[in-house]
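# Examining the three-dimensional arrangement
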Amino acid sequence: EADIYQTPRYLVIGTGKKITLECSQTMGHDKMYWYQQDPGMELHLIHYSYGVNSTEKGDLSSESTVSRIRTEHFPLTLESARPSHTSQYLCASSGNPQETQYFGPGTRLLVL
Amino acid sequence: SQQGEEDPQALSIQEGENATMNCSYKTSINNLQWYRQNSGRGLVHLILIRSNEREKHSGRLRVTLDTSKKSSSLLITASRAADTASYFCATDAGQAGTALIFGKGTTLSVSS
């Protein structure tokens with residue numbers, strides 16, 4: 001079982017609200033990632049970080065932002081949620097960009 | 001564009017049968033990984049095979065890699081109902097420092 005945690009697990013929220021999805025890991029990994037995944041579909045990389053104060057956008061354009069102030073913490077923020085943001089958000093970490101990634105349980109977001 | 005593509009998209013078998021899933025990719029790689037995802041959960045790493053390896057085993061899992069055909073296969077022997085999940089291949093793009101790229105996945109259903 002990987003030591004990577006996501007909260008909340010489920011979130012139902014109204015349009016226009018600001019939300020922050022939390023992700024933390026206790027493995028001391030430098031690399032952390034956020035993926036967006038619609039049901040039954042592939043994962044799309046939306047943000048990644050290779051260390052503190054380092055963040056990059058992924059392949060899929062996203063209106064979300066991330067921060068990496070501490071090694072263990074990689075929160076994702078949506079300033080104004082919209083129904084198009086409804087999806088599952090998966091956080092992962094690794095000790096090397098090309099090696100095994102450890103995933104959290106995911107956050108299922110529903111924006112009404 | 002998608003680096004990895006799994007085939008078939010969905011597979012239904014009986015307990016005790018073998019399940020074979022294939023993954024094709026487009027560019028040269030350093031390694032290829034297979035992950036499993038149970039419904040509504042995060043991904044779990046199964047096995048990593050490096051570009052200079054042709055076959056790797058882990059318990060009931062057997063992975064092959066053919067770099068000349070840019071393809072890999074995952075074989076699950078003597079399948080169980082608990083193997084029901086989606087299976088994803090993930091590759092790097094052969095470049096150090098890049099994140100993994102996941103395929104669309106194969107959904108495996110094992111009935112008892």
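This is a predicted model, so every value here is computed, not measured. (Residues numbered from 1 in each chain as written. Chains lettered and ligands numbered in written order. Predicted model: local features only at pLDDT ≥ 70, side-chain atom pairs only at ≥ 80, totals over all residues. Heavy atoms only, no water.)

Glancing now at the pattern of salt bridges. Residues and elements named next belong to chain A. Inspection of every chain in the model, using the stated rule, returns 7 salt bridges over all chains. Taking the shortest distance from any N to any O, the salt bridge between K18 and E79 comes out at 3.9 Å. Here K18, found in the loop between β2 (10-13) and β3 (19-25), pairs with E79, found in the loop between β8 (76-78) and β9 (87-94); they are 61 residues apart in sequence, far enough to count as distant. E63 serves as the salt-bridge partner of R82, at 2.7 Å between the closest nitrogen and oxygen. Of this pair, R82 sits in the loop between β8 and β9 while E63 sits in the loop between β6 (54-57) and β7 (65-66); the two residues are 19 residues apart in sequence, bridging distant segments of the chain. (Salt bridge = Lys/Arg side-chain N within 4 Å of Asp/Glu carboxyl O. Helix = DSSP H or I, 4+ residues; strand = E, 2+ residues; numbered from the N terminus.)

Detailed reading of the predicted model is not advised wherever pLDDT is low. Per-residue confidence for chain B gives a mean pLDDT of 91; residues scoring 70 or more make up 91%. Element-level mean pLDDT values for chain B span from 79 in strand β1 (residues 4-7) of chain B up to 98 in strand β7 (residues 61-66) of chain B. (pLDDT = per-residue confidence, 0-100.)

At the junction of the two partners, chain A supplies 20 residues and chain B supplies 24 residues. Applying the counting rule to chain A against chain B returns 1 salt bridge. In this structure, E99(A) engages R50(B) in a salt bridge whose closest nitrogen and oxygen atoms are separated by 3.2 Å. Contributions of two or more residues to the side of chain A that touches chain B are made by β4 (31-37), β5 (43-51) and β9 of chain A. Across the side of chain A that touches chain B, the residue classes break down as 10 nonpolar, 6 polar and 4 charged. (Contact = heavy atoms within 4.5 Å. Nonpolar A, V, L, I, M, F, W, Y, C, P; charged D, E, K, R; others polar.)

What follows concerns unusual backbone geometry. The residue after T7(A), namely P8(A), is reached through a cis peptide bond having omega -10°. Tracing the chain through its elements places P8(A) in the loop between β1 (4-7) and β2. At K70(B), a residue that is not glycine, the phi angle is positive and equals roughly 50°. For K70(B), the location among the structural elements is in the loop between β7 and β8 (71-76). Notably, A78(B) is not glycine yet its phi reads approximately 45°, a positive angle. Looking at where A78(B) falls in the secondary structure, it is placed in the loop between β8 and β9 (85-91). Residue classification places A78(B) among the partly exposed residues on the basis of a relative accessible area of 39%. (Buried < 20%, exposed > 50% of the residue type's maximum accessible area, 1.4 Å probe, protein only.)

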